[in-house]
Amino acid sequence: MTTITILGSTGSIGASTLDIVAKFPEQFSVVGLVAGTNDEKLEEQIRTFQPNIVAMADPAAARRLRDRLSDIQLPVLDGMAGITEVAQYPESNLVISAIVGGAGLLPTLAAIQSGRRVALANKEPMVMAGQLMQTEAQRQGQQIFPIDSEHSAIFQSMEGHRKADIRRVVLTASGGPFWDTPPEEMATATRAQALQHPNWKMGEKITIDSATLMNKGLEVIEASWLFDIPAKQLDVLVHRESIIHSLVEYHDGSVLAQLGLPDMRTPISYAMNYPQRVPLLPPPLDLATIGKLTFFPPDFDRFPCLALAYEALQGGGTWPATLNAANEVAVGAFLNNGMRFLEIPNIIRQTMDVALPQPLTCLEDALEADRYAREKAATFIQQLP
Ligand SMILES: NC(=O)c1ccc[n+]([C@@H]2O[C@H](COP(=O)([O-])OP(=O)(O)OC[C@H]3O[C@@H](n4cnc5c(N)ncnc54)[C@H](OP(=O)(O)O)[C@@H]3O)[C@@H](O)[C@H]2O)c1
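Residues numbered from 1 in each chain as written. Predicted model: local features only at pLDDT ≥ 70, side-chain atom pairs only at ≥ 80, totals over all residues. Heavy atoms only, no water.

Novice: Would you take a moment to explain the layout of surface pockets for this structure?
Specialist: When its volume is computed, the second largest pocket comes out at roughly 270 Å³. Forming the boundary of the second largest pocket are 17 residues, of which Gln258, Leu259, Thr266, Leu280 and Pro282 lie nearest the centre. Take the lining of the second largest pocket: its biggest share by element is 3 residues, from helix α12 (residues 265-273). Residue composition of the lining of the second largest pocket, by class: 10 nonpolar, 5 polar and 2 charged. (1 Å grid on protein atoms, 1.4 Å probe; cavity = no way out; pocket = protein on both sides within 12 Å on 5 of 7 lines; lining within 4 Å. Points joined across faces, edges and corners; volume = space filled by probe spheres on them. Helix = DSSP H or I, 4+ residues; strand = E, 2+ residues; numbered from the N terminus. Nonpolar A, V, L, I, M, F, W, Y, C, P; charged D, E, K, R; others polar.)

Dropping the structure here:
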């Protein structure tokens, strides 16, 4: 029996993880759940999966949850201290890290530090402080297991092969909702249009990141830390159908890839069951019916966020944390305050220009870069006409 804690259980990845738990109740039991503000959904999950301990980021939501659960005995913790305690819960042997954004850094790091096995969907902490997270995992004798479909594909295509034999790694990208959209239409893109992802149903922040291609940029940085591969060996290929989830090319010309229908339950289940593959029984991948798969080089001019991410990775130190924080603030302003879509890369560019890379040697360096970039990005947004 694998005992599981889910950080971000009320989100898209959290819900897919619980789907798998429900399908295989003899293999998994949920011991800890963490959410942000959605006490109604968390209550449902608690009544179905009966964890031993839960936490919510928002103390008011945690109070509402305690009221809802007055008929059962369950510790409901709150704030970052509460979330971190659940992340380190000793009776859990697998932590699914699925909070959105940099908010997941401290709890994910805490889970690693406490020796839990961590499966990572929450890519932003890896972008902010990948080296620290990997150093900590190595100290604990653990490997951070990828959940992102691209990283799961890369992991699977590297298994049994020598890293030294890799020529390059190619992350595929759907291109998002605006791949074929002329720039003048992108300039006036609405929130609803940007949230229309062609292939995946995901949380709002990652869906906007997919529309700007920042998601692919964050994934390039994540791949660099997860697999210890430099930027110059990491390429992006636009593949509209999201069937090939990424490829690894070897020096002898062989290219290995992992294919599947776009359904996050496949990589999540692989991370939960590794090295077993359990019968999820999705519809079969029928390539004859799909007929053709299409590929395009990425367009760095129309999607400058991807170029910014490569620049941050190459700049190193605190720059990826700066990029990530400025992006979170800019995406938030687009989603909640009506900032124009094409201002997102401009805000990140301006922030990176005033927050040049500094050495990142400890957690404080990453947190300070994050704090400073958020402050600067918010100021640049306020200055917009
Ligand atoms: N969705 C996908 O298919 C997919 C694929 C690959 C990677 N990922 C990555 O996985 C992560 C989660 O994505 P998602 O699409 O599942 O996002 P989502 O649907 O927006 O869910 C986010 C989760 O994080 C919780 N949360 C937000 N702020 C929090 C905070 N400060 N403290 C604690 N919990 C907090 C939310 O709780 P409330 O709802 O209760 O506020 C929710 O449970 C992201 O990093 C994303 O890049 C997602």
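Novice: Just checking my understanding: could you explain the site of the ligand for this structure?
Specialist: Close to the ligand lie 25 residues, the nearest being Thr10, Asn38, Glu124, Asp148 and Gly203. Within the contact set of the ligand, an oxygen atom lies 2.7 Å away from a side-chain nitrogen or oxygen of glutamate 124. If the ligand stood free it would expose 890 Å²; the protein chains cover 85% of that surface. Those elements that place two or more of their residues in the shell around the ligand are α1 (12-23) and α6 (123-139). (Near = heavy atom within 4 Å. Polar contact = N/O pair within 3.5 Å; in protein donor to acceptor, adjacent residues only side chain to side chain. Areas by Shrake-Rupley, 256 points an atom, 1.4 Å probe, with all protein chains shown as cover.)

Novice: Please explain the environment of phenylalanine 24 as it appears in this structure.
Specialist: Relative to the elements of secondary structure, phenylalanine 24 occurs in the loop between α1 and β2 (28-35). Separated by 114 residues in sequence, phenylalanine 24 and glutamine 138 place their C-alpha atoms 30 Å apart.

Novice: Whenever I open this one, the packing of aromatic side chains confuses me. Can you help?
Specialist: Considering all chains together, one arrives at 11 aromatic pairs under this definition. Measuring from centroid to centroid gives 4.9 Å for phenylalanine 145 and tyrosine 274, while their planes differ by 50°, and the two rings are tilted. With phenylalanine 145 in strand β7 (residues 145-146) and tyrosine 274 in the loop between α12 and α13 (287-290), this residue pair connects regions lying 129 residues apart in the sequence. Measuring from centroid to centroid gives 6.4 Å for phenylalanine 155 and tyrosine 270, while their planes differ by 65°, and the two rings are edge-to-face. With phenylalanine 155 in helix α7 (residues 149-158) and tyrosine 270 in helix α12, the pair connects residues that are 115 residues apart, well separated along the chain. The structure contains a cluster of three or more aromatic residues connected by ring pairs, namely Phe145, Phe155, Tyr270 and Tyr274. (Phe/Tyr/Trp six-rings, centres within 6.5 Å; stacked < 30°, edge-to-face > 60°.)

Novice: Help me understand the nonpolar core in this model?
Specialist: Soluble globular proteins: nonpolar side chains tend toward being buried together. Counting residues in hydrophobic clusters, the biggest one holds 122 residues, and the most contacted among them are Ile96, Leu234, Met272, Leu323, Phe341, Ile344 and Ile348. Among the elements that line this core, the one with the most residues is helix α15 (residues 319-337), at 10 residues. Both domain 1 (2-143) and domain 2 (316-379) contribute no fewer than three residues apiece to this core. (Core = buried A, V, L, I, M, F, W, Y, C linked by side-chain atoms within 4.5 Å. Buried < 20%, exposed > 50% of the residue type's maximum accessible area, 1.4 Å probe, protein only. Domains from an automatic or database assignment.)

Novice: So what exactly am I meant to see when it comes to helix α17 (residues 363-382) here?
Specialist: In a regular helix each residue adds 1.5 Å, so 20 residues correspond to 28 Å; α17 covers 29 Å between its end C-alpha atoms and thus fits that length. Turning to α17, its buried residues number three or more, namely Ala366, Ala369, Asp370, Ala373, Ala377, Phe380 and Ile381. The buried residues of α17 occupy one face: seen down the axis, they fall within an arc of 100°. Opposite the buried face of α17, at more than 90 degrees from it, the exposed residues are Glu364 and Gln382. Lining the buried residues of α17 we find α6, α15 and α16 (343-354). (Expected span 1.5 Å × (residues − 1). Arc of directions from axis to C-beta. Contact = heavy atoms within 4.5 Å.)

Novice: Explain the side chain of serine 210 to me, please; I cannot follow it from the model alone.
Specialist: Here serine 210 is to be found in helix α10 (residues 204-212). Residue classification places serine 210 among the buried positions, given a relative accessible area of 8%. If we skip the residues at most four places from it in the chain, serine 210 touches Gly175, Gly176, His197, Met202 and Asn215.

Novice: What is the right way to read the pairing of strand β10 (residues 244-250) from this model?
Specialist: Where a strand is regular, its side chains alternate between the two sheet faces. Where burial is concerned, most of β10 is hidden: 7 out of the 7 residues are buried. In terms of strand pairing, β10 meets strand β11 (residues 255-259) through 5 bridges, oriented antiparallel. Its bridge partner lying in β11, glutamate 249 is registered against valine 255. Here β10 folds back onto β11 in antiparallel fashion, the turn holding 4 residues, of which glycine 253 has a positive phi close to 95°. (Pairing = 2+ DSSP bridges.)

Novice: When you look at the sheet that holds β10 in this model, what are you seeing that I'm missing?
Specialist: Adjacent strands of a sheet pair through backbone hydrogen bonds, lying either parallel or antiparallel. The strand order across the open sheet formed by 4 strands is β9-β8-β10-β11, and the pairing between neighbours is mixed. In this open sheet, the two edge strands, each paired with only one partner strand, are β9 (234-238) and β11. The average undirected angle you get between the axes of adjacent strands in this sheet is 20°. Here strand β8 (residues 166-173) pairs with β9 via 5 bridges, running parallel. Within β9, the position partnered with alanine 173 by the bridge is valine 238. Against the sheet, α7 engages β8, β10 and β11, with an angle of about 35° to β10. (Axes fitted to C-alpha atoms, helices over the stretch in contact; angles between N-to-C directions.)

Novice: Would you take a moment to explain the packing of helix α14 (residues 304-315) against α16 for this structure?
Specialist: Two quantities define a packed helix pair, namely the angle between the axes and the distance from one axis to the other. Contact geometry of α14 with α16 gives a least axis separation of 9 Å together with a crossing angle of 20°. With respect to their mutual orientation, α14 and α16 come out roughly parallel. Every pair of crossing elements has a handedness; the one defined by α14 and α16 is left-handed. Residue-level inspection shows Pro304, Cys305, Leu308, Glu311 and Ala312 of α14 in contact with α16, the latter providing Ile344, Pro345, Ile348, Arg349 and Met352. (Parallel < 35°, antiparallel > 145°, perpendicular 65-115°, else oblique. Left-handed = near helix turned anticlockwise from the far one by under 90°.)

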